[in-house]
Amino acid sequence: MSDIGKVVIIGAGQGGAEAATQLRSRGFAGEIALIGEERLPPYQRPPLSKKFLLGELPEDRLPFRPAEVYDEERITLILGHRCTWIDRANKRIRMEGGRELPYDALILALGARPRLLPVPGADLPGVFVLRTATDVDAIRPHFEAGKKLVVVGAGYIGLEVAAVGRQRGLDVTVLEAMARPLARVTSPEVAGFFLDYHTRKGVKFVLGGKAAVIKGDGAVRAVGLTDGSEIEADIVIVGIGVDPDIGLAEKAGLSVGDGIVTDRACRTSDSNIFAIGDCASRPLAHYGRNGRLESVHSAIEGGKIAAATITGTKVPDEEAPWFWSDQYDLKLTIAGLFIGYDHIVMRGSMAEASFACFYYQGERLLAVDAVNRPAEYLGAKQVIQRGRTIAPALLSDMSKTMKEIVAAS
Ligand code: FAD
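Because the structure is a prediction, the values reported are computed rather than measured.

Describing the site of the ligand
Around the ligand, the structure places 34 residues, and the nearest of them are Gly-15, Glu-38, Lys-50, Arg-131 and Asp-278. One of the side-chain nitrogen or oxygen atoms of Arg-82 is found 3.4 Å away from a nitrogen atom of the ligand. Contact between the ligand and Arg-113: a nitrogen atom at 3.2 Å from a side-chain N or O atom of the residue. Class assignment for the residues of the shell around the ligand results in 14 nonpolar, ten polar and ten charged.

Next comes the structure, spelled out in structure tokens:
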């Protein structure tokens, strides 16, 4: 795209920051504007439900880079501004308050919005979602030992919050509508491990239970369930998933589904507009289908691909998807996508909290969930990346190191 002089990026999060940095490092000499509605310069979200919530990471360590570095790289960072309109015909965007900016290429890195509980009382003081540093600022004062925390939703963020809650001495109950935690994201075996681990740490689980109402008078007092029971609460954190932020794209007439639809180059249905990260649905090279990944990996990769396409530089090979979650002393690392697996192979020991669960579809290795097993994670990631597989018998042989197994695969 040699006629590009101005790139505007809407969304100053993981993907937006990566795209801006990549444009410069790939030799783009034109104007870059990076616009975000939040107050902080682009920052990491993963610590929000981990060390930042725990109080072990100060706020000034959240941003990827100090704001001045953007100045040095001639990236105009416009914070605290929400974009409200894309004028595709005239290639301009508008921000709240009416300020407009022209673009030659536009990158949408809008992220996702946490789902709210669709029940009465969900707006009572003491009920929170967790997506931004501002959300954590509001939650932290309530994280006092002895307080009753109800986490609604047992996904990764919900379980991370539960772990931090226990580490801070709160009385924690996790309410989950499905029959097991992590139902959307992992196998019953791995979910069972996390259920046991949290239970041993003192977390109470109400599984297959649905919130019907949040009760309280001026502040939350309890979560009422559809079966009439209730769980006492001083604070409620809702972690029931996110919806891709597609409103702006939809209004502009771009093709959207579960995310803003793009091709492999992250181009939307308008060839001058790209979409990356949580808000975008793109072809997943290793799995032969489209998908929307909510992960640091996907946002970084999207930023690189969009910047490569705009600058006409080499597009990086797509990585096998990766993700992680930290809970207590457990480091879960995931490579690949487990959806569609028909059997698993385990290596290591769940009892010792050191194992890897390999997901197969027939003979093909799809994914791995590794708990405190970095070698298994890295090895499987490499193999999936290359489009190869690992013979299950090799994995069961604990006399072989993962390095040897990968070399033989
Ligand atoms: P974001 O980083 O969310 O950035 C989007 C930005 O765009 C936001 O700042 C938003 O306010 C802004 N924006 C939206 N609309 C507008 C507009 N109209 N105008 C201006 N600005 C706008 N991933 C992992 O891989 N591992 C983890 O352990 C992990 N933990 C997580 C823990 C938490 C608590 C959360 C919330 C997420 C976690 N994730 C994790 C997911 C990961 O952080 C996201 O996938 C990643 O941040 C997505 O990047 P993004 O650029 O698409 O969106």
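Overview of the pairing of strand S21 (residues 280-284)
Counting buried residues in S21 gives four out of five residues, a clear majority hidden from the surface. Of the strand pairs in this sheet, strand S19 (residues 259-261) and S21 are connected by two bridges, and their pairing is parallel. Note on S21: the bridge partner recorded for Ile-260 is Ala-280. Sheet topology note: the S21/strand S22 (residues 289-291) ladder contains three bridges and is antiparallel. When the sheet's bridge partners are listed, Pro-283 is paired in S22 with Asn-290. Hairpin connection of S21 to S22: four residues between the antiparallel strands, including Gly-288 at a positive phi of 60°.

What to know about the side chain of Glu-318
Note that Glu-318 resides in the loop between helix H8 (296-311) and strand S23 (322-327). At 3.4 Å, the side chain of Glu-318 and the backbone nitrogen of Ala-285 are in polar contact. With sequence-adjacent residues up to four places away left out, Glu-318 is seen in contact with Arg-264, Arg-282, Pro-283, Leu-284, Ala-285, His-286, Glu-301, Ile-305 and Gln-385.

A look at the environment of Leu-54
If you trace the backbone, Leu-54 turns up in helix H2 (residues 51-54). By relative accessible area, Leu-54 is classed as buried at 18%. Residues Leu-54 and Ala-19, spaced 35 residues apart in sequence, show a C-alpha to C-alpha distance of 30 Å. Contact partners of Leu-54, with chain neighbours within four places excluded, come to Val-164, Gln-167 and Arg-168.

Quick notes on the rules
Residues numbered from 1 in each chain as written. Predicted model: local features only at pLDDT ≥ 70, side-chain atom pairs only at ≥ 80, totals over all residues. Heavy atoms only, no water. Near = heavy atom within 4 Å. Polar contact = N/O pair within 3.5 Å; in protein donor to acceptor, adjacent residues only side chain to side chain. Nonpolar A, V, L, I, M, F, W, Y, C, P; charged D, E, K, R; others polar. Buried < 20%, exposed > 50% of the residue type's maximum accessible area, 1.4 Å probe, protein only. Helix = DSSP H or I, 4+ residues; strand = E, 2+ residues; numbered from the N terminus. Pairing = 2+ DSSP bridges. Contact = heavy atoms within 4.5 Å.

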